[in-house]
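# Architecture and fold: a report
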Amino acid sequence: MMIVITGAAGFIGSCMVAKLNEMGREDLILVDDFTKMAKRRNWEDKRYADKIQREDFFDWAEQNARQVDCIIHLGARTDTTEFDYSVFETLNVYYTQRMWTFAARHGIPLLYASSAATYGAGELGYNDEDALAYKLTPLNPYGRSKNEVDKWILKQAVAPPCWYGFKFFNVYGPNEYHKGRMASVIFHSFNQIKETGKVKLFRSHRPDFADGMQLRDFVYVKDVVRVLYWFMTHYPQSGIYNLGTGCARPFLTLAESTFKAMGLEPDIEFVDMPADIRDKYQYFTEATMRKMRSTGYKRAFYSLEDGIASYVRRYLMKDKFY
């Protein structure tokens, strides 16, 4: 039997492949756009049965459905600065709907990536109860595409035997080097420190938040893949779950922790936020984790300080991949 991982050349997808390899699984089918050589280091050292181009997957799947025992669908367009919704509709909405329909028809458990971007500015909080999905107003087309999928799935009468959507909060960690502007603030901070000796953080444009005190729920990618692995081996109640730490932390602490992990004294400069994202910026995110914890997942999450220390010292400073 085989496990399908889409987005397998990307950040979280390649880390999921590494986690499965650690757990002794090599019967993996990797799905992505493998023509993008910038991502090559994310998959070239992994152990897997086959890799398939994204657009060829469903032809392969119809021929091999009986051999697939789980699908982990992490492939998506994730650029929150892209404002053409049609780009997300094709890759995020239609492709995921097709994946759901295939998994339901063949009785295959499905895990898929939603996003905390569905919560918009957080005016309704960060509660992953189903009813809230219909009231949310995402701030960008990426968040809207993820919320449209969640709403569509919640209405489906025919479903896979087990299914899980995960609202990822601010994920950081190894294998994100190819993401450019969309890579984590930790990745950018590390590179700024290496090049200039200082970090630039966005100034606050709201009177109720001091500079650097904008708060996010930062979650280390190793915790993310541990949760996904737990769900695919324990199969708790199907549904949509938040996946963060449940503890919001300031960007200032993030920057200071990056300097500390590099053995340097902090040097932080505040700069104006780009105008194109200023009115779409989340000042506070924090996952409500009651639903996740109610499934029986007990493991503690990395603190921001410990996660950054691991990421910086084990991966960024050594130019290593997970």
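What this report covers is the structure whose coordinates are included nearby. (Residues numbered from 1 in each chain as written. Predicted model: local features only at pLDDT ≥ 70, side-chain atom pairs only at ≥ 80, totals over all residues. Heavy atoms only, no water.)

## Focus: the overall build of the chain
- For the chain, the count of helices and strands is eleven helices and 13 strands.
- Over its C-alpha trace the chain gives a radius of gyration of 19 Å, about what one expects of a compact globule, namely 20 Å for 322 residues.
- The buried share of the chain, reckoned over its 322 residues, is 55%.
- Expressed as a percentage of contacts within the chain between residues at least 6 apart in sequence, the contacts between residues at least 24 apart total 78%.
- Accessible surface, the chain: about 14000 Å² in total, of which carbon and sulfur atoms supply 48%.
- Between the averaged position of the 43 positive side-chain charges in the chain and that of its 40 negative side-chain charges there is a distance of 3 Å. (Helix = DSSP H or I, 4+ residues; strand = E, 2+ residues; numbered from the N terminus. Rg over C-alpha atoms; globule rule 2.2 N^0.38 Å. Buried < 20%, exposed > 50% of the residue type's maximum accessible area, 1.4 Å probe, protein only. Contact = heavy atoms within 4.5 Å. Areas by Shrake-Rupley, 256 points an atom, 1.4 Å probe, with all protein chains shown as cover. Lys, Arg positive; Asp, Glu negative; His and termini not counted. Charge placed at Lys NZ, Arg CZ, Asp CG, Glu CD.)

## Side note on helix α7 (residues 221-234)
- For α7, with 14 residues, the first-to-last C-alpha span of 20 Å sits near the 20 Å given by 1.5 Å per residue.
- In terms of burial, α7 is largely enclosed, as twelve of its 14 residues are buried.
- Of the residues trailing α7, Y235 is marked for its positive phi of about 50°. (Expected span 1.5 Å × (residues − 1).)

## Some details on the side chain of K222
- Mapped onto the secondary structure, K222 falls in helix α7.
- The side chain of K222 sits in the buried core without any salt bridge; E22 is the nearest counter-charge, 5.4 Å away.
- Within the structure, K222 has its side chain in polar contact with the side chain of Y315 (distance 2.6 Å).
- Aside from chain neighbours lying at most four places away, what touches K222 is Y302, R314, Y315 and Y322. (Salt bridge = Lys/Arg side-chain N within 4 Å of Asp/Glu carboxyl O. Polar contact = N/O pair within 3.5 Å; in protein donor to acceptor, adjacent residues only side chain to side chain.)

## Thoughts on the packing of helix α6 (residues 185-196) against helix α11 (residues 304-316)
- Orientation of α6 relative to α11, taken along the N-to-C sense of each, is 55°, at an axis distance of 11 Å. On the basis of the axis angle, α6 is oblique to α11. The interaxial crossing formed by α6 with α11 has right-handed handedness. Touching I186, F187 and F190 of α6 are L304, I308, Y311, V312 and L316, all from α11.
- Among the residues making up the contact of α6 with α11, the classes are represented as eight nonpolar, no polar and no charged. (Axes fitted to C-alpha atoms, helices over the stretch in contact; angles between N-to-C directions. Parallel < 35°, antiparallel > 145°, perpendicular 65-115°, else oblique. Left-handed = near helix turned anticlockwise from the far one by under 90°. Nonpolar A, V, L, I, M, F, W, Y, C, P; charged D, E, K, R; others polar.)

## Topic: the pattern of salt bridges
- Inspection of the entire model under this criterion finds 15 salt bridges.
- Note that R40 and E44 form a salt bridge whose closest N and O atoms lie 3.3 Å from each other.
- For R40, a relative accessible area of 38% puts it in the partly exposed group.
- Residue E44 is classed as partly exposed on the basis of its relative accessible area, which comes to 39%.
- Where R206 meets D208, a salt bridge forms, and the shortest distance between an N and an O atom there is 2.7 Å.
- Exposure remark for R206: the relative accessible area of 36% places this residue in the partly exposed category.

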